[in-house]
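Fold and contact review
Okay, here's what each chain looks like letter by letter:
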Amino acid sequence: MLEDGGHNRKTDAHDAHAVAAVAVRTTTLRVLQLDGELEALRMLTDRREALTRRRVQTVDRLQALLAELLPGQAKRDITTGQAKTMLASVRPRDIAGKTRRRIAAEELAELVAVEAKIKKSTVELKTIVVARGSRLMDLHGVGPVVAARVLADAGDVTRFADRNRFASWTGTAPLDASSGEQNRHRLSRAGNRRMNHMIHIAAISEIRLNTDGRVYYRRKRAEGKKPLEAIRCLKRRISDAIYRQLLEDAQRAAVEDVGTGPGGHCRASQESSAVDLPLHIDTSDQPLPGPADKTLRQTG
């Protein structure tokens, strides 16, 4: 290795040379190959997230305008239909009021357009997820958006040695924060934050519905865990369920298509996908006690 001293100071060129030398001598490295379908899926999920943020901003602006036009009548969670009804009920006479109403109408029109794009994007994501043979949406709380993000960011599932490594990557492997006789864990900030957010969405959906996830959450609460701690336990459980499903999909695809690579994606090879994100492995890879073998699976 090059030392950081004299004229051989550490530079990007020296780093690149060192990495290349290691790569040449290592025979077990995987060769990256572009998976166009996964790349497209990632672009579409990013686009939908951007549209969702745009919708939130538009709603905020529209609600502020309606609150000024109709004091005391503005609603926190407003639909486009309600906004149309509210706008139709007000006819300001002064120029300030007329301008405010016109801008509100423009914001409403933008909101309608954005929601249409979001709906179209969701349908497109679901189509691609199903086309890839994924059964992630069989899990409670995992819809087209969550499934698409999982597939786009996880890539080849076999790059994760086990469910603990996968949980560390998703940021759902808690850190040990025990002290004395108190045994507890705290939230890990490591890992893929987008994946962590998707799993959080699935966890909240689980708690709201009559599912095994809700039963598990309530059991953790009954054991004395605080709400956030119980949610973290549930998120880890969901991470394990997602990992199992990804493996099952990969194994099934390998049986159906002899040419399928270790990742189990249709038309994949034994080379890793170039859209795979780097791993963020935390020191705490230990699972939470006793996740069941079968969980979060839809019944009936």
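Okay, so let's go over this structure. (Residues numbered from 1 in each chain as written. Predicted model: local features only at pLDDT ≥ 70, side-chain atom pairs only at ≥ 80, totals over all residues. Heavy atoms only, no water.)

A closer look at the overall build of the chain
- Secondary structure assignment for the chain yields nine helices and two strands.
- In the chain, the succession of α and β elements from N to C terminus is α-α-α-α-α-α-β-β-α-α-α.
- Of all 300 residues assigned to the chain, the portion counted as buried reaches 40%.
- Relative to all contacts within the chain whose residues are 6 or more apart in sequence, the contacts with residues 24 or more apart total 68%.
- As displayed, the chain has an accessible area near 17500 Å², and 53% of this comes from carbon and sulfur atoms. (Helix = DSSP H or I, 4+ residues; strand = E, 2+ residues; numbered from the N terminus. Buried < 20%, exposed > 50% of the residue type's maximum accessible area, 1.4 Å probe, protein only. Contact = heavy atoms within 4.5 Å. Areas by Shrake-Rupley, 256 points an atom, 1.4 Å probe, with all protein chains shown as cover.)

Some thoughts on the packing of helix H6 (residues 163-170) against helix H7 (residues 193-208)
- Here H6 crosses H7 at 100 degrees, and the two axes come no closer than 7 Å. Taken together, the axes of H6 and H7 lie roughly perpendicular to each other. Every residue of H7 that contacts H6 at Phe 166, Trp 169 and Thr 170 is listed here: Met 195, Asn 196 and Ile 199.
- Of the residues in the contact of H6 with H7, the class split is four nonpolar, two polar and no charged. (Axes fitted to C-alpha atoms, helices over the stretch in contact; angles between N-to-C directions. Parallel < 35°, antiparallel > 145°, perpendicular 65-115°, else oblique. Nonpolar A, V, L, I, M, F, W, Y, C, P; charged D, E, K, R; others polar.)

Notes on the pattern of salt bridges
- Under the criterion given, the structure shown has 17 salt bridges.
- Note that Lys 220 is salt-bridged to Glu 223, the shortest N-O span being 3.6 Å.
- When salt bridges that share partners are traced, they join Arg 42, Asp 46, Glu 49, Arg 149, Asp 153 and Arg 194 into one network. (Salt bridge = Lys/Arg side-chain N within 4 Å of Asp/Glu carboxyl O.)

So, the nonpolar core
- Leu 41, Leu 136, Phe 166, Ile 242 and Leu 246 are the most contacted members of the largest nonpolar core, which has 38 residues in total.
- Beyond its immediate chain neighbours, meaning those up to four positions away, Leu 246 contacts Leu 136, Val 150, Leu 151, Ala 154, Val 157 and Phe 166.
- One finds Leu 70, Ala 83, Met 86 and Leu 87 within the second-largest nonpolar core, a separate group that totals 14 residues. (Core = buried A, V, L, I, M, F, W, Y, C linked by side-chain atoms within 4.5 Å.)

Quick word on the packing of aromatic side chains
- Inspection of the entire model under this criterion finds four aromatic pairs.
- Arranged with centres 5.1 Å apart and planes meeting at 90 degrees, the rings of Phe 160 and Phe 166 form a pair that is edge-to-face.
- For Phe 160, a relative accessible area of 3% puts it in the buried group.
- Geometrically, the ring pair formed by Phe 166 and Tyr 243 is tilted, given 5.4 Å between the ring centres and 35 degrees between the ring planes. Here Phe 166 is found in helix H6, whereas its partner Tyr 243 is found in helix H9 (residues 227-256), with 77 residues between them in sequence. The pair Phe 166 / Tyr 243 is uniform in exposure class, with both members buried.
- Put simply, the rings of Phe 160, Phe 166, Trp 169 and Tyr 243 touch in pairs and so form one group of aromatic residues. (Phe/Tyr/Trp six-rings, centres within 6.5 Å; stacked < 30°, edge-to-face > 60°.)

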